[in-house]
Amino acid sequence: MTKNRLTDLNDHLYAQLERLGNEDLSSEQIETEAKRSNAVVAVADQILRHATLQVQAAKILSDHGIDPTSHLPQVEVNALNRPQLRTITATRS
C-alpha cells in the first residue's frame, strides 16, 4: 500500500514530535533531531501547499460544471474504520 497520503504525513509529524520529546537524548542527539525536524517541516509545508493547490483547482473545475473527483484525494476507511485520504491518479487516454 502506498505511504504517501496526508494521514501518513500526519503520522510522520507526530513521530518527529515524539523524538523531540525524548528526555533520554544527549544534546548532540537533540541538535540532530532539531535539524531533522526543520527538514520534515519544510517538506510537509510543500506537501500541504500542493494539496491546497489541488483543492483550489478542483473548486475551479467544479465552479465550471466539471466533475473534480479525479483531482481530489479519495477518502477510504481502514480496518479500524478510520477515514484515510489517498490520492486518485487520473489516467490519460
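Refer to the structure presented above.
Our subject in this report is the structure included herewith. The numbering scheme is per chain: residues are counted from 1 as the chain's sequence reads. Local features in this predicted model are restricted to residues whose pLDDT is 70 or higher, and side-chain atom pairs enter the listing and the counts only when it is 80 or higher, whereas totals over whole chains, interfaces and linings include all residues. As a rule here, side-chain values come from all non-hydrogen atoms in the structure, and water together with hydrogens is ignored.

**Section: the side chain of Gln16**
Within the secondary structure layout, Gln16 lies in helix H1 (residues 6-20). Each residue gets one of three labels from its accessible area relative to the maximum for its type: buried under 20%, exposed over 50%, partly exposed in between, using a 1.4 Å probe on protein chains only. For Gln16, a relative accessible area of 3% translates into the label buried. Whenever a nitrogen or oxygen atom comes within 3.5 Å of another N or O atom, the pair is scored as a polar contact, on the condition that within protein one atom can donate a hydrogen and the other can accept it, and that pairs from neighbouring residues in sequence are kept only if both atoms are in side chains. Among the polar contacts listed, one links the side chain of Gln16 to the side chain of Ser37, at a separation of 2.9 Å. By definition, residues are in contact when any of their heavy atoms lie within 4.5 Å. Beyond its immediate chain neighbours, meaning those up to four positions away, Gln16 contacts Glu33, Arg36, Ser37 and Val40. Strands here mean DSSP runs of E at least two residues long; helices mean DSSP runs of H or I at least four residues long; both are numbered from the N terminus.

**As for helix H2 (residues 27-63)**
Helix length check: H2 (37 residues) gives 53 Å between terminal C-alpha atoms against 54 Å at 1.5 Å per residue, within 8%. For H2, every residue scored as buried is listed here: Glu33, Ser37, Ala44, Ala51 and Ala58. On its buried face, H2 is in contact with H1. At the C-terminal side of H2, Gly65 shows a positive phi close to 80 degrees. Working rule for helices: expected span equals 1.5 Å times residues minus one.

**Section: the environment of Asn4**
Topologically, Asn4 is positioned in the segment before H1. When the C-alpha atoms of Asn4 and Ile47 are compared, they prove to be 10.0 Å apart, with 43 residues separating the residues in sequence.

**What to know about the pattern of salt bridges**
For this document, the term salt bridge refers to a Lys or Arg side-chain nitrogen within 4 Å of an Asp or Glu carboxyl oxygen. Counted according to the given criterion, the structure contains 5 salt bridges. Among the salt bridges present, the one from Glu33 reaches Arg36, with a minimum N-O distance of 3.2 Å. Of this pair, Glu33 and Arg36 both sit in helix H2, 3 residues apart, which is roughly one turn of the helix. Its relative accessible area of 40% is what places Arg36 among the partly exposed residues. A salt bridge links Asp45 to Arg49, with the shortest nitrogen-to-oxygen separation between them at 3.1 Å. Placement of both Asp45 and Arg49 in helix H2 is noted, with a separation of 4 residues, approximately one turn of the helix. Salt bridges sharing common partners tie together Arg19, Glu33 and Arg36.

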